[in-house]
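Listed below are the residues making up each chain.
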Amino acid sequence: MDEDKLYIDEKLGDEPFRFDESVARVFPDMLRRSIPGYAASIEAIGSLAARYVKPGTSCYDLGCSLGAASLAMHQGNRAEDVRIIAIDNSAAMVERCRAAVAGNDDIDVQLADVRETPIVNASMVVMNYTLQFLDLAARDDIVRGIHSGLVPGGLFLLSEKVVDEDAHMEELLVDLHHEHKRRNDYSQLEISRKRAALENVLIPETVAAHKRRLSAAGFAHTAVWLRYFNFVSIVAIK
Ligand code: GEK
């Protein structure tokens, strides 16, 4: 696995973060070292697929990157005649994702924008750390579209970086996250450069704002099932 050294020598932080080839190359290492709870989110996606995916339906992985969530749904799924549609708008990610899922004919990787992807006959939709990169103005429509494309009882898994309403707690959680990154061998300079590059690219919201949007879209049940510092994963059921 290529090690993420992007903010040591390749990128400076004065350029906005982009999902280009240099990021795709080191991506598994970047996620593992940067997102507390990432491995747990992938494990739960497999367990939830085993319970919620229904025969003759589709699963969607929106912002699939290298296909980790698609592969987890593929491995967890027990139902017949299921198609997994993996979408990303980064050509570098899609190319590597196709190689990563090769041989699993039920996974269809598409280069597309999730804002223009209709959700149809879905029993499970995953947005694992992707909604946070979309314009705030586009988020309500996307979540409404996911709700209307789910079959009754269908499941939406949404993982996000969040911001705390309480500024004091927010400072503590950000600090704990940075300490976590330092423990995972990122230097203070790499952490600051990456933080600058993500400014205005990754726009976090509060847990309350996410829950409000999910309820407004019509989801009957929502729960935060994972929280690790300022990273959460929410499960919503139609
Ligand atoms: C995982 N889910 O391993 N349309 C399609 N894709 C997009 C869009 C868009 N409008 N905007 C961003 N992306 C994965 C990890 S990463 C999370 C997801 C992170 C894509 C972008 O190209 C990238 O591949 C992904 O969303 C976000 O479980 O890097 O923190």
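### Let's talk about the overall build of the protein chain
Piece 1. When helices and strands are tallied, the protein chain shows nine helices and seven strands.
Piece 2. In terms of C-alpha radius of gyration, the protein chain reaches 17 Å, essentially the compact-globule figure of 18 Å for 238 residues.
Piece 3. Summarising its shape, the C-alpha atoms of the protein chain cover approximately 50 × 40 × 30 Å along the three principal directions.
Piece 4. A buried classification covers 55% of the 238 residues belonging to the protein chain.
Piece 5. Restricting to contacts in the protein chain with at least 6 residues of sequence separation, those with at least 24 account for 73%.
Piece 6. Surface summary for the protein chain: the accessible area is close to 11,200 Å², and the carbon and sulfur share equals 51%.
Piece 7. Mean positive and mean negative side-chain charge positions of the protein chain (27 and 36 charges, respectively) differ by 3 Å.

### A look at the site of the ligand
Piece 1. Every one of the 24 residues lining the ligand counts as a neighbour, but Tyr38, Gly63, Ser65, Asp88 and Asn128 are closest to it.
Piece 2. Here an oxygen atom of the ligand sits 2.7 Å away from a polar atom, N or O, in the side chain of Ser65.
Piece 3. Expressed as a share of its isolated accessible area of 660 Å², the protein-covered part of the ligand is 95%.
Piece 4. Contributing elements (two or more residues each) for the shell around the ligand: helix H2 (21-34) and helix H3 (38-52).

### Concerning the pattern of salt bridges
Piece 1. Taken as a whole and judged by the stated rule, the model has ten salt bridges.
Piece 2. Arg83 serves as the salt-bridge partner of Asp108, at 3.0 Å between the closest nitrogen and oxygen. Here the residue Asp108 occupies a position in strand E3 (residues 107-111), and Arg83 occupies one in strand E2 (residues 83-88), the gap between them amounting to 25 residues.
Piece 3. We classify Arg83 as partly exposed; its relative accessible area is 41%.
Piece 4. Ionic pairing is found between Arg144 and Asp141, a salt bridge with its closest N-O pair at 2.6 Å. With Arg144 and Asp141 both in helix H6 (residues 136-149) and three residues apart, this pair spans about one turn of that helix.

### Things to note about the sheet that holds strand E7 (residues 231-237)
Piece 1. The seven strands lie next to each other as E3-E2-E1-E4-E5-E7-E6, forming an open sheet whose pairing is mixed. Each edge of the sheet is formed by a strand with only one pairing partner; in this case those strands are E3 and strand E6 (221-228). Across this sheet, the average inter-strand angle for adjacent strands is 15 degrees, counted without regard to direction.
Piece 2. Where strand E1 (residues 58-62) and strand E4 (residues 122-128) come together, four bridges link them in parallel fashion. Counterpart to Ser58 in the pairing with E4 is Ala122.

### As for unusual backbone geometry
Piece 1. The backbone of Asn121 shows a phi angle near 50 degrees, a positive value even though the residue is not glycine.
Piece 2. Within the secondary structure layout, Asn121 lies in the loop between E3 and E4.
Piece 3. A residue is classified by how much of its surface remains accessible, and Asn121, at 36% relative accessible area, is partly exposed.
Piece 4. The backbone of Tyr129 sits at a positive phi, close to 60 degrees, despite the residue not being glycine.
Piece 5. Relative to the assigned elements, Tyr129 resides in the loop between E4 and H6.

### Points about the packing of aromatic side chains
Piece 1. Under the defined criterion, the tally for this structure stands at three aromatic pairs.
Piece 2. With centroids separated by 5.9 Å and ring planes inclined at 25 degrees, the aromatic side chains of Phe156 and Phe219 adopt a geometry described as stacked. Taken together, the residues span a long stretch of sequence, with Phe156 in strand E5 (residues 150-161) and Phe219 in the loop between helix H9 (207-217) and E6 at a distance of 63 residues.
Piece 3. Owing to a relative accessible area of 0%, Phe156 belongs among the buried residues under this scheme.
Piece 4. Judged by its relative accessible area of 5%, Phe219 is buried.

### Describing the side chain of His180
Piece 1. When you line up the elements, His180 lands in helix H7 (residues 167-183).
Piece 2. Here His180 falls in the buried class, since its relative accessible area comes to 10%.

### Describing the packing of H7 against helix H8 (residues 188-198)
Piece 1. Look at H7 against H8: their axes get within 10 Å of each other, and the N-to-C directions meet at 130 degrees. Comparing the axis directions of H7 and H8 gives the class oblique. As H7 packs across H8, the resulting crossing turns out to be right-handed. Only Gln188, Ile191, Lys194 and Arg195 of H8 make contact with H7, whose side of the interface consists of Val174, His178, Lys181 and Arg182.
Piece 2. Grouping the constituent residues of the contact of H7 with H8 by class yields two nonpolar, two polar and four charged.

Conventions used here
- Residues numbered from 1 in each chain as written.
- Predicted model: local features only at pLDDT ≥ 70, side-chain atom pairs only at ≥ 80, totals over all residues.
- Heavy atoms only, no water.
- Helix = DSSP H or I, 4+ residues; strand = E, 2+ residues; numbered from the N terminus.
- Rg over C-alpha atoms; globule rule 2.2 N^0.38 Å.
- Buried < 20%, exposed > 50% of the residue type's maximum accessible area, 1.4 Å probe, protein only.
- Contact = heavy atoms within 4.5 Å.
- Areas by Shrake-Rupley, 256 points an atom, 1.4 Å probe, with all protein chains shown as cover.
- Lys, Arg positive; Asp, Glu negative; His and termini not counted.
- Charge placed at Lys NZ, Arg CZ, Asp CG, Glu CD.
- Near = heavy atom within 4 Å.
- Polar contact = N/O pair within 3.5 Å; in protein donor to acceptor, adjacent residues only side chain to side chain.
- Salt bridge = Lys/Arg side-chain N within 4 Å of Asp/Glu carboxyl O.
- Pairing = 2+ DSSP bridges.
- Axes fitted to C-alpha atoms, helices over the stretch in contact; angles between N-to-C directions.
- Phe/Tyr/Trp six-rings, centres within 6.5 Å; stacked < 30°, edge-to-face > 60°.
- Parallel < 35°, antiparallel > 145°, perpendicular 65-115°, else oblique.
- Left-handed = near helix turned anticlockwise from the far one by under 90°.
- Nonpolar A, V, L, I, M, F, W, Y, C, P; charged D, E, K, R; others polar.

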